[in-house]
Amino acid sequence: MADPIQLANAAMSVSHNYYPPTILLPQYVDNESSAISIIIQFGFLWAAVLGIAMVIISHVRPTASQSDKLAFVWMCLSEFYILCSPLLNETDLQA
């Protein structure tokens, strides 16, 4: 019987904490930052987006009602997440 063929792009065994432990996750990389650090970075980023959106709506429409301002800020936050989440996760895909 012939020897098995080894493929150059075959999945390698990488240690991870997910179930089942025997599943192959060749692109898995441990986080370099702690969970608290990631949460703090996330909070600062969203606070910056919310602050910038509030400044913009206050200058563009100073007579807007509080509900209009809240709606604008919410839409800015939502669109930022939708448009930028692929860019923020791109580095994970290249690792």
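On a predicted model such as this, the values are computed, not experimentally measured, just so you know.

Each helix and strand counted, the chain has 2 helices and 0 strands in total. Scored against the burial criterion, the 95 residues of the chain give a buried share of 9%. If you take every contact in the chain between residues at least 6 apart in sequence, the share linking residues at least 24 apart comes to 24%. In the form shown here, the chain has an accessible surface area of approximately 8300 Å², with 66% of it arising from carbon and sulfur atoms.

Counting across every chain of the model gives 1 aromatic pair. Ring centres 4.7 Å apart and planes at 40 degrees place the aromatic pair Phe-42 and Trp-46 in the tilted group. With Phe-42 and Trp-46 both in helix α1 (residues 35-60), this residue pair falls 4 residues apart, about one helical turn.

Before going further, it helps to spend a moment on the side chain of Lys-69. In this fold, Lys-69 is placed in helix α2 (residues 66-94). Buried charged residue Lys-69 carries no salt bridge. Nearest counter-charge: Asp-68, at 9.5 Å. If sequence neighbours within four positions are ignored, Lys-69 has contacts with Met-54, Ile-57, Ser-58, Arg-61, Pro-62 and Ala-64.

Okay, a nonpolar patch on the surface next. Together, Ile-36, Ile-40 and Phe-44 make up a nonpolar patch on the protein surface, roughly 350 Å² of accessible area in all. By the secondary structure assignment, Ile-36 is in helix α1.

So, on to the UniProt feature "transmembrane region" (unreviewed entry) in the chain. Cross-referencing UniProt, the feature "transmembrane region" (unreviewed entry) maps to residues 35-58 and 70-88 in the present numbering. Secondary structure across residues 35-58 divides into 100% helix and 0% strand, with the first and last C-alpha atoms of the span separated by 34 Å.

On to the environment of Lys-69, then. When its relative accessible area of 14% is taken as the criterion, Lys-69 is described as buried. Considered as a pair, Lys-69 and Ile-56 are 13 residues apart in the sequence and their alpha carbons are 9.8 Å apart.

Parameters at a glance
- Residues numbered from 1 in each chain as written.
- Predicted model: local features only at pLDDT ≥ 70, side-chain atom pairs only at ≥ 80, totals over all residues.
- Heavy atoms only, no water.
- Helix = DSSP H or I, 4+ residues; strand = E, 2+ residues; numbered from the N terminus.
- Buried < 20%, exposed > 50% of the residue type's maximum accessible area, 1.4 Å probe, protein only.
- Contact = heavy atoms within 4.5 Å.
- Areas by Shrake-Rupley, 256 points an atom, 1.4 Å probe, with all protein chains shown as cover.
- Phe/Tyr/Trp six-rings, centres within 6.5 Å; stacked < 30°, edge-to-face > 60°.
- Lys, Arg positive; Asp, Glu negative; His and termini not counted.
- Salt bridge = Lys/Arg side-chain N within 4 Å of Asp/Glu carboxyl O.
- Patch = residues over 30% accessible without salt bridge, like charges linked within 9 Å, V, L, I, M, F, W, Y side chains within 5 Å.
- UniProt positions renumbered as here; feature names shortened; annotations may be inferred.

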